[in-house]
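Observations on the three-dimensional arrangement
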Amino acid sequence: MNEYTYTLDKTGFYKILFSTSLIVAKEQLHSRLTPKKLEGAVDYMCMLCTCMNLAIDQNQLECANFNDGIVEEYVSLVDVIISNEGSINYIKAAKIDELFIKSAELVRALLQGGVLTEQLQELQRSYHCWHMKQRMYNSQKGLLH
């Protein structure tokens, strides 16, 4: 019996995991968005982010070999989620905060230079707009009561 030595390209594995996960998320987000879909998307993207950040922390993937386009796609999907999150309550607000923080950590780990700055600015813009809508809603709510 022949013995085979298999070497697992862990970076390749995580690239496939990340890009496939983004395809699934993209399909869900480009259909009619409902509050339930958005809630599921926030959870899904947080889990994906946690997985990727854990892989980075454990040196399971080489960030320098990661494709900028995949990360840019991730940021655009996070933007879609945050931009469309309209129902405001404390639990959902905490999840959006978590998604933003984890996403910023992931982007910082995977990108460098101008692309890093650009993608962080995109995340910040999305989050800032959402945060301002939340503050306006809360101040209007306070005026009505």
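Shown above is the structure to which this text applies.
Structural notes, computed from the coordinates.

The rules behind the values
- Residues numbered from 1 in each chain as written.
- Predicted model: local features only at pLDDT ≥ 70, side-chain atom pairs only at ≥ 80, totals over all residues.
- Heavy atoms only, no water.
- Axes fitted to C-alpha atoms, helices over the stretch in contact; angles between N-to-C directions.
- Helix = DSSP H or I, 4+ residues; strand = E, 2+ residues; numbered from the N terminus.
- Parallel < 35°, antiparallel > 145°, perpendicular 65-115°, else oblique.
- Contact = heavy atoms within 4.5 Å.
- Nonpolar A, V, L, I, M, F, W, Y, C, P; charged D, E, K, R; others polar.
- Core = buried A, V, L, I, M, F, W, Y, C linked by side-chain atoms within 4.5 Å.
- Buried < 20%, exposed > 50% of the residue type's maximum accessible area, 1.4 Å probe, protein only.
- Salt bridge = Lys/Arg side-chain N within 4 Å of Asp/Glu carboxyl O.
- Disulfide = S-S within 2.5 Å.

**Here's the deal with the packing of helix 1 (residues 10-29) against helix 2 (residues 35-57)**
- Packing of helix 1 against helix 2 leaves a shortest axis separation of 11 Å and a crossing angle of 170 degrees. By the angle between their directions, the pair helix 1 and helix 2 is classed as roughly antiparallel. Two secondary-structure elements touch here, helix 1 through Tyr 14, Leu 17, Phe 18, Ser 21, Leu 22, Val 24, Ala 25, Gln 28 and Leu 29 and helix 2 through Lys 37, Leu 38, Ala 41, Tyr 44, Met 45, Leu 48, Cys 51, Met 52 and Ala 55.
- In the contact of helix 1 with helix 2, the residues fall into 15 nonpolar, 2 polar and 1 charged.

**Points about the nonpolar core**
- Formed by 39 residues in total, the largest nonpolar core has its most connected members in Phe 18, Met 45, Leu 61 and Tyr 74.
- If you list the elements that add at least two residues to this core, you get helix 1, helix 2, helix 3 (68-84), helix 4 (90-110) and helix 5 (113-144).
- No other element matches the 10 residues that helix 2 contributes to this core.
- For Met 45, the residues in contact, after removing those within four places along its chain, are Leu 22, Ala 25, Tyr 74, Leu 77, Val 78, Ile 81 and Leu 99.

**Concerning the pattern of salt bridges**
- The tally for this structure, following the rule as stated, stands at 6 salt bridges.
- Linking Arg 125 and Asp 79 is a salt bridge whose minimum nitrogen-to-oxygen distance equals 3.0 Å. Of this pair, Arg 125 sits in helix 5 while Asp 79 sits in helix 3; the two residues are 46 residues apart in sequence, bridging distant segments of the chain.
- You can call Arg 125 partly exposed: its relative accessible area is 39%.
- Salt-bridge contacts for Lys 95 lead to Glu 98; the nearest nitrogen and oxygen are separated by 3.4 Å. Separated by 3 residues within a single helix, Lys 95 and Glu 98 lie in helix 4, roughly one turn from each other.
- For Glu 98, a relative accessible area of 25% puts it in the partly exposed group.
- Within this structure, Asp 43, Lys 95, Glu 98 and Lys 102 form a network of salt bridges that share partners.

**A short note on the environment of Glu 122**
- Topologically, Glu 122 is positioned in helix 5.
- Along the backbone, Glu 122 and Glu 72 are 50 residues apart, and their C-alpha atoms lie at a distance of 9.5 Å.
- If we ignore the near neighbours within four places in the chain, the residues touching Glu 122 are Val 75 and Asp 79.

**Points about unusual backbone geometry**
- Of note in this structure, Asn 59 is not a glycine but carries a positive phi near 55 degrees.
- Mapped onto the elements of the fold, Asn 59 is located in the loop between helix 2 and helix 3.

**A short note on the state of the cysteines**
- Per the counting criterion, the structure on display carries 0 disulfides.
- We note that Cys 46 lacks a disulfide partner, and the nearest cysteine sulfur, in Cys 49, lies 7.1 Å from it.
- The class of Cys 46 is buried, set by a relative accessible area of 3%.
- The buried category is assigned to Cys 49, whose relative accessible area is 0%.

**So, the environment of Leu 123**
- The residue Leu 123 is located in helix 5 in this model.
- Sequence spacing of Leu 123 and Ile 82 is 41 residues, and the spatial spacing of their C-alpha atoms is 9.2 Å.
- In contact with Leu 123, not counting residues within four places along its chain, are Val 75, Val 78, Phe 100, Ser 103, Ala 104 and Val 107.

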